[in-house]
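Spelled out from the first residue to the last, the chains are:
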Amino acid sequence: MPRLLRSLWLTLILALLYMPILSVVLASLANTRYMRFPHRTWSVGAYTDTFSQQETLTLHLVSLKVALCVTLFSVILGALGAMAFARYDWRGRSIYQKAVVLPIFFPQPVLGLALLMFYSALGIPPSWKTAIFAHMVWILPIVTLVISIRLFGYDPAQEDAARDLGASRWQVLREVTLPHLAPGLISGGLFAFLLSWSNLPLSIFTTGADTTLPEWLFSRVATNYAPVVSAIAVIGTFASVILGVLVLLGLRLSRARAG
Amino acid sequence: MIAADLSMTQDSRPVLGQAALSLQGLSRSFGSLQALSSVSLDIEEGEFFTIVGPSGSGKTTLLRILAGLDQPTEGQLLLRGRDITRLAPNKRPTAMVFQSLALFDHRTVGENVGFALKMRGIAKAKRDARARELLELVRLGAEYFDKPVTQCSGGERQRVALARVLASEPEILFFDEPLSALDYRLRKTLEVELRALQKRTGRTFVYITHSLEEAMVMSDRIGIMRDGQLVQVGSPAEIYGRPDSRFVASFMGEVNILKVAEGRLPELDLPLPGTPDGYVVLRPEALRLEEGTETGAPGFAARVAEVFRLGSRVQLHLESPAGLMIAELPAETQIRPGATARVSFAPEAAHWVAE
């Protein structure tokens, strides 16, 4: 009996988690301008529209550009920052460790507005490039934390040992430091990409004339809804799932080859 | 056991009468802290040299300089007459076993052992074969080859670390207290094995430890460090029998140190004619005991506070006019705590030190 209860409980939780996604899928299959159920007529028109519009491509490209740059810069800076406080003991280390995560607690819309004022004070016109910086203010601390978790169990003497055994500095990086950091870099990178890809409050203030996908979705949901909005959300979700599965498979394959 | 293709280049072959490593006035300061002050020493070819000192005495700093992981602020380091003071660690024919062992924990035992060969661009099949040989040599066995190092026990990790440095065919091996984390019996076993390995390979070993007992078992010569300085260098017998300061003597374990002034031991009120002012060191086994309190016999009166039976001998804690003193007697000695005794020693057993 407890077994039956447990599986019921699990089913309930999964249903609650996936219900909203399912409802978006259903909404995308309508041809009405309002979200309502049940549909009078079912249609895949929203999907064909999505793929035929130039606008949706541009939206995705802007979001992708921002997210990829944020990922790249955050992982590099995050790795360096994490090494600085996980490997070396220096004055102000513990203050740095706390200061670096503070921006996470700052409300994003306020941060976005503050950054916009900062840009205009400096005379920088906001665009997708300024959005990269804005996203990083919030995302870099998280990436640094994720990577530093990997570094805390790390014995830096391993690098000395590798040097001592004949490795050049470059070989030490390739053979010891990077393999050890790799899981942290990958999870940090995934975090950075997803947080940037789905960010709305910072993008609203800092992208200027460019529009990211979440911004567009938000404005269309608020004022000018069409099933295209749901269709894009569904496509995005499935694309992410497929990407995630591919990354996992790739990791498993490369590990199998290494081992 | 030395593969021909791995041997060192001409200019680093041993030369008769030349020190394997010559330390010439090595100093190292970190800001205002003087970690090493002018350490000079010649380490001979094929020697097992141990540096002993309490923590913070600069021995790890010294070893890191010898391995090239740190640079001295002053002084020179010569390897067989060649100046290697500024040579990068990966260019030196030396290898080190670290205190934490520093095994590559994302790799298997075999990959750890083969690392140095991989860095030299030696083919996988060849380095794997060599790694298996070395695992046999350190008594782990080739079946450990595929095991992740994270699944090895303390003693096994020790052997992996040893095999890993041997793979690089170093001319000189450095050891930074690698046995300190192990339990007593395993440590004893490995000490003996390490010594045997050193004899068999004929390589120069430089070992650092805070345990003089460990140093005595393994070393040809011992150097005692204190506050960044080498205070005494000698064979284990010399260091044990003729320590040249109270510091060295007390490092040897439990000894009795008594003040000498004007040809007397003022604390015990005993004459010690012809001895200059300073201190004398009395080993616990140099003390003789006679039960009872008859006055007139030579020596001083003491009360037995504690009796410890240590198997091969009996150790007594004595309450004497000079405070706590330690005596060691043969195991068959029958004496109980609380007994009073007359304690004496041969004057020649008292070893004099100036400070």
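These numbers were taken from a predicted model, which means no experiment stands behind them.

1. A few points about the overall build of chain B
Okay, so step 1: Scanning chain B from N- to C-terminus turns up eight helices and 20 strands.
Okay, so step 2: Counting only C-alpha atoms and orienting by the principal axes, one finds that chain B spans roughly 80 × 45 × 40 Å.
Okay, so step 3: The buried share of chain B, reckoned over its 355 residues, is 53%.
Okay, so step 4: In chain B, the share of contacts with a sequence separation of at least 24, taken over all contacts with a separation of at least 6, comes to 65%.
Okay, so step 5: Carbon and sulfur atoms make up 51% of the accessible area of chain B, which totals about 15800 Å².
Okay, so step 6: Distance from the positive charge centre (42 side chains) to the negative charge centre (45 side chains) of chain B: 7 Å.

2. Some details on the pattern of salt bridges
Okay, so step 1: What the rule picks out here adds up to 23 salt bridges over all chains.
Okay, so step 2: Residues Glu156 of chain B and Lys147 of chain B are paired through a salt bridge, measuring 3.8 Å at the closest nitrogen-oxygen approach.
Okay, so step 3: The exposure class of Glu156 of chain B is buried, given its relative accessible area of 16%.
Okay, so step 4: Given the relative accessible area of 26%, Lys147 of chain B is considered partly exposed.
Okay, so step 5: Of the charged contacts, one joins Arg203 of chain B and Glu169 of chain B as a salt bridge, the two residues approaching to 3.5 Å between their closest N and O atoms. Here Glu169 of chain B lies in the loop between helix 4 (154-167) and strand 7 (172-176) and Arg203 of chain B lies in the loop between helix 5 (184-201) and strand 8 (204-209), a separation of 34 residues in the sequence.
Okay, so step 6: Take Glu169 of chain B: its relative accessible area is 3%, and that puts it in the buried class.
Okay, so step 7: Via salt bridges that share partners, Arg174 and Glu175 of chain A together with Arg107 and Lys118 of chain B belong to a single interconnected network.

3. Notes on the layout of surface pockets
Residue and element names in this part refer to chain A.
Okay, so step 1: Its volume calculated, the second largest pocket comes out at about 550 Å³.
Okay, so step 2: Within the residue set of the lining of the second largest pocket, elements represented by two or more residues are helix 2 (45-52), helix 3 (54-87), helix 8 (169-197) and helix 11 (227-258).
Okay, so step 3: Here the lining of the second largest pocket is composed, by residue class, of 16 nonpolar, seven polar and no charged.

4. Details of empty space enclosed by the protein
Residue and element names in this part refer to chain B.
Okay, so step 1: Applying the stated criterion across every chain, the model contains three cavities of 30 Å³ or more.
Okay, so step 2: When its volume is computed, the largest cavity comes out at roughly 170 Å³.
Okay, so step 3: Along its surface, the largest cavity is lined by 16 residues, and Leu162, Leu190, Glu193, Leu194 and Leu197 are the ones closest to its centre.
Okay, so step 4: Breaking the lining of the largest cavity down by element, the ones donating at least two residues are helix 4 and helix 5.
Okay, so step 5: Here the element with the most residues in the lining of the largest cavity is helix 5; it accounts for six residues.
Okay, so step 6: Classifying every residue of the lining of the largest cavity by side-chain character gives 11 nonpolar, one polar and four charged.

5. Looking at the interface of chain A and chain B
Okay, so step 1: Between chain A and chain B, the contact holds 17 residues from the first and 24 residues from the second.
Okay, so step 2: For the chain A and chain B pair, buried surface summed over both sides reaches about 1800 Å², with 54% attributable to carbon and sulfur atoms.
Okay, so step 3: Interface area lost by chain A to chain B is led by Asp164, Leu165 and Glu175 of chain A, which between them contribute 40%.
Okay, so step 4: Linking chain A with chain B are three salt bridges, by the criterion used here.
Okay, so step 5: The shortest N-O distance in the salt bridge between Arg107 of chain B and Glu175 of chain A comes to 2.8 Å.
Okay, so step 6: Going through the elements one at a time, helix 7 (157-164) and helix 8 of chain A are the ones with two or more residues in the side of chain A that touches chain B.
Okay, so step 7: It is helix 7 of chain A that contributes the most residues to the side of chain A that touches chain B, seven residues altogether.

6. A short note on the side chain of Thr206 of chain A
Residue and element names in this part refer to chain A.
Okay, so step 1: Positionally, Thr206 belongs in helix 9 (residues 201-206).
Okay, so step 2: Judged by its relative accessible area of 0%, Thr206 is buried.
Okay, so step 3: Residues in contact with Thr206, not counting those within four places in the same chain, are Gly112, Leu115, Leu116, Tyr119, Pro126, Ser127, Thr130, Ala131 and Ala134.

7. Concerning the domain arrangement of chain B
All names here are of chain B.
Okay, so step 1: Once the domains are mapped, chain B shows domain 1 (4-246) and domain 2 (254-353).
Okay, so step 2: The centre of domain 1, based on its C-alpha atoms, is set 40 Å off from the matching centre of domain 2.
Okay, so step 3: At the boundary of domain 1 with domain 2, total buried surface from both sides reaches about 620 Å², with 58% on carbon and sulfur atoms.
Okay, so step 4: Together, Tyr240, Pro243 and Arg246 form the three largest contributors to the area buried by domain 1 at its contact with domain 2, with a combined 82%.
Okay, so step 5: Along the contact surface separating domain 1 from domain 2 lie zero salt bridges.
Okay, so step 6: Where domain 1 meets domain 2, there are three residue pairs in polar contact (both at pLDDT 80 or more).
Okay, so step 7: In the side of domain 1 that touches domain 2, the residues fall into two nonpolar, two polar and three charged.

How each quantity is defined
Residues numbered from 1 in each chain as written. Chains lettered and ligands numbered in written order. Predicted model: local features only at pLDDT ≥ 70, side-chain atom pairs only at ≥ 80, totals over all residues. Heavy atoms only, no water. Helix = DSSP H or I, 4+ residues; strand = E, 2+ residues; numbered from the N terminus. Buried < 20%, exposed > 50% of the residue type's maximum accessible area, 1.4 Å probe, protein only. Contact = heavy atoms within 4.5 Å. Areas by Shrake-Rupley, 256 points an atom, 1.4 Å probe, with all protein chains shown as cover. Lys, Arg positive; Asp, Glu negative; His and termini not counted. Charge placed at Lys NZ, Arg CZ, Asp CG, Glu CD. Salt bridge = Lys/Arg side-chain N within 4 Å of Asp/Glu carboxyl O. 1 Å grid on protein atoms, 1.4 Å probe; cavity = no way out; pocket = protein on both sides within 12 Å on 5 of 7 lines; lining within 4 Å. Points joined across faces, edges and corners; volume = space filled by probe spheres on them. Nonpolar A, V, L, I, M, F, W, Y, C, P; charged D, E, K, R; others polar. Buried area = accessible area lost by both parts, 1.4 Å probe. Domains from an automatic or database assignment. Polar contact = N/O pair within 3.5 Å; in protein donor to acceptor, adjacent residues only side chain to side chain.

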